[in-house]
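Survey of secondary and tertiary structure
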Amino acid sequence: MKGKKLLAVLAATAMSVALIAGCGSEREGATTGAQETETTAAVAAAEETADTAEAAPAESAGFEDGATIGVSLPWLGTQNWKEAETMFKEQLEAAGYNPIIQAADQKVPQQQQQIESMIENGAKVIVVGPIDGTQLGAVLEQAKDAGIYVIGYDRLLENTTGVDGVVQFGSVKTGELQAQALLDGLAKEKGEGPYNIELFGGGPADPNAPNFFKGAMSVLQPKIDDGTLTVVSGQVDFTQCATADWDNSKAQARMDSLLSGFYSDKEIHGVLSPNDGIARAIITSCENAGQDIPVVSGLDAENESVEWVWSGRQYSTVAKPTDALVAKTVEIINSLKDGNGMPATDVTADNGVMEVPIYELPPVVVTKDNAKEVFANDPSRMELLK
Ligand code: BGC
């Protein structure tokens, strides 16, 4: 190896190590394939540059300022997705890109068409929050074949090689937090056990929903087994508890029928809810049935639920700040634009056909006790705590 080339390789290795140190995810861990690829690519790029003084290899060639970036969202039915629509526009424009942002109203063919049109419109990166994690394989592979980067947003992209990485809040961890809050709330507000509870899951097509449920059950199952918790309906499988399309009215109808079928002579003490909209539907159903409000978990820190947590009507929610997740995504897009490829991460998820690099942020549980701390830097939510 010539001196000049050796220097370039050493510099690239140092840069790459700095990149890994700076961009690593929250979790510590062993070097993964993703990191090795990153390092090898950087070294190869330096060798190439040193030998030929040419640009980096095609796969990390970068793209121009002002490039078109597609963002495909599943629907705008919960506050987090509405925030994502606004914040992607603001943050991508501020970074000098030309965003195309579309939401698909829970209709898979509509989402497929929207992604196709982003490909036709010359997007350099397409960010996708899938309605159904398994139904976009073909169109995402088409995007990859066209040299477009594909980043999953908030939800995993399953059964496809058409994905470069996914940014999300830990989904199993979210479920663990929801269940632990339910247990804590029961001990705090409902006296000594045993406690009567019911379980709700999110939309079965959404890859997050079974993970939330799995995380929650890892905490709740031992307490069901030791008799602290009784699921009075006996409905404990995800398929029995899921809420099609995350539809609040379907959750409310299920809660109504659970209450009339199993609780005419019993008190309900707690309910596992996968998000805030469903939590409010469950609470409303219990109020309508003349029950004392049970301890109910949630997710998203939606404004209305932050108010309910503050007034004691909903016990907990989980904050997964959209601005931070969008910022993480834009940071990755900048890395791609600059020709640095996908940043290193030590977390991956099996999507059925490949290990997908995951860029994970930590969800945070919120109760009345810590709400002011959690939202200290969020003036609009702080306003609700009055
Ligand atoms: C998101 C939640 C959201 C739910 C319904 C999930 O994938 O992680 O934030 O409440 O979808 O839109």
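Overview of the structure. (Residues numbered from 1 in each chain as written. Predicted model: local features only at pLDDT ≥ 70, side-chain atom pairs only at ≥ 80, totals over all residues. Heavy atoms only, no water.)

Our next topic: the site of the ligand. Taken together, 13 residues form the shell around the ligand, and within it Asp-154, Arg-155, Asp-206, Asp-300 and Lys-320 come nearest. The separation between an oxygen atom of the ligand and a polar side-chain atom of Arg-155 is 2.8 Å. The side chain of Asp-206 places a nitrogen or oxygen atom 2.6 Å from an oxygen atom of the ligand. In the complex, 100% of the free accessible area of the ligand, which totals 310 Å², lies under the protein chains. Under a 2 Å grid-point criterion requiring more than half of the atoms, the pocket assigned to the ligand is the largest cavity. Of all the secondary structure elements, the ones that give two or more residues to the shell around the ligand are helix H3 (79–94) and helix H7 (208–225). Tallied by class, the residues present in the shell around the ligand amount to four nonpolar, four polar and five charged. (Near = heavy atom within 4 Å. Polar contact = N/O pair within 3.5 Å; in protein donor to acceptor, adjacent residues only side chain to side chain. Areas by Shrake-Rupley, 256 points an atom, 1.4 Å probe, with all protein chains shown as cover. 1 Å grid on protein atoms, 1.4 Å probe; cavity = no way out; pocket = protein on both sides within 12 Å on 5 of 7 lines; lining within 4 Å. Sits in = over half its atoms within 2 Å of the grid points. Helix = DSSP H or I, 4+ residues; strand = E, 2+ residues; numbered from the N terminus. Nonpolar A, V, L, I, M, F, W, Y, C, P; charged D, E, K, R; others polar.)

Moving on, we get to the sheet that holds strand E8 (residues 270–272). The four strands lie next to each other as E7-E6-E8-E9, forming an open sheet whose pairing is parallel. Unpaired on one side and paired on the other, strand E7 (229–231) and strand E9 (295–296) mark the two borders of the sheet. Bridge count between strand E6 (residues 195–199) and E7: three bridges; the pairing is parallel. Paired with Ile-197 across the strands is Val-231, a residue of E7. Across the sheet, H7 touches E6, E7 and E8, and the angle it forms with E7 is around 115°. (Pairing = 2+ DSSP bridges. Contact = heavy atoms within 4.5 Å. Axes fitted to C-alpha atoms, helices over the stretch in contact; angles between N-to-C directions.)

Here we take up the pattern of salt bridges. One pass over the full model with this rule turns up 17 salt bridges. The residue Lys-386 makes a salt bridge to Glu-383 at a minimum N-O spacing of 2.9 Å. Across the pair, exposure class does not vary: Lys-386 and Glu-383 are exposed alike. One network of salt bridges, in which partners are shared, links Glu-83, Asp-378 and Arg-381. (Salt bridge = Lys/Arg side-chain N within 4 Å of Asp/Glu carboxyl O. Buried < 20%, exposed > 50% of the residue type's maximum accessible area, 1.4 Å probe, protein only.)

Looking now at empty space enclosed by the protein. Under the defined criterion, the tally for this structure stands at five cavities of 30 Å³ or more. Taken as a whole, the largest cavity encloses approximately 110 Å³ of empty space. Taken together, the elements giving at least two residues each to the lining of the largest cavity come down to H3 and H7. The class makeup of the residues in the lining of the largest cavity is five nonpolar, four polar and five charged. Here the lining of the largest cavity spans two domains, since at least three of its residues come from each of domain 2 (68–163 + 322–361) and domain 3 (171–320). (Points joined across faces, edges and corners; volume = space filled by probe spheres on them. Domains from an automatic or database assignment.)

Attention now moves to the environment of Pro-99. One can find Pro-99 in strand E2 (residues 98–103). Using a relative accessible area of 17% as the deciding quantity, one classes Pro-99 as buried. Dropping the residues within four chain positions of it, Pro-99 is found in contact with Ile-69, Lys-89, Leu-92 and Glu-93.

With that settled, the discussion passes to the sheet that holds strand E5 (residues 165–169). Spatially, seven strands are ordered E2-E1-E3-E4-E5-E12-E11 in an open sheet, and the strand pairing comes out mixed. Here the strands that pair on one side only, and so sit at the sheet edges, are E2 and strand E11 (347–350). Ignoring which end each strand starts from, the neighbouring axes of this sheet average 25° apart. Examined bridge by bridge, strand E4 (residues 149–153) and E5 share three bridges and lie parallel to one another. Bridging across to E5, Gly-152 finds its partner in Val-166.

Counting residues in each nonpolar core, the largest one holds 70 residues, and the members touching the most others are Phe-63, Val-125, Tyr-153, Leu-199, Leu-220 and Ile-333. Sort the elements by how many residues they give to this core and H7 lands first, with eight residues. Each of domain 2 (68–163 + 322–361) and domain 3 (171–320) contributes no fewer than three residues to this core. Excluding anything up to four places from it in sequence, Val-125 contacts Phe-63, Thr-68, Ile-69, Gly-70, Ile-148, Tyr-149, Ile-151, Ile-333 and Leu-336. Core analysis: the next-biggest nonpolar cluster, separate from the first, contains 20 residues, Leu-140, Leu-156, Leu-157 and Ile-358 among them. (Core = buried A, V, L, I, M, F, W, Y, C linked by side-chain atoms within 4.5 Å.)

Function cannot be read off these values alone, since they describe shape.
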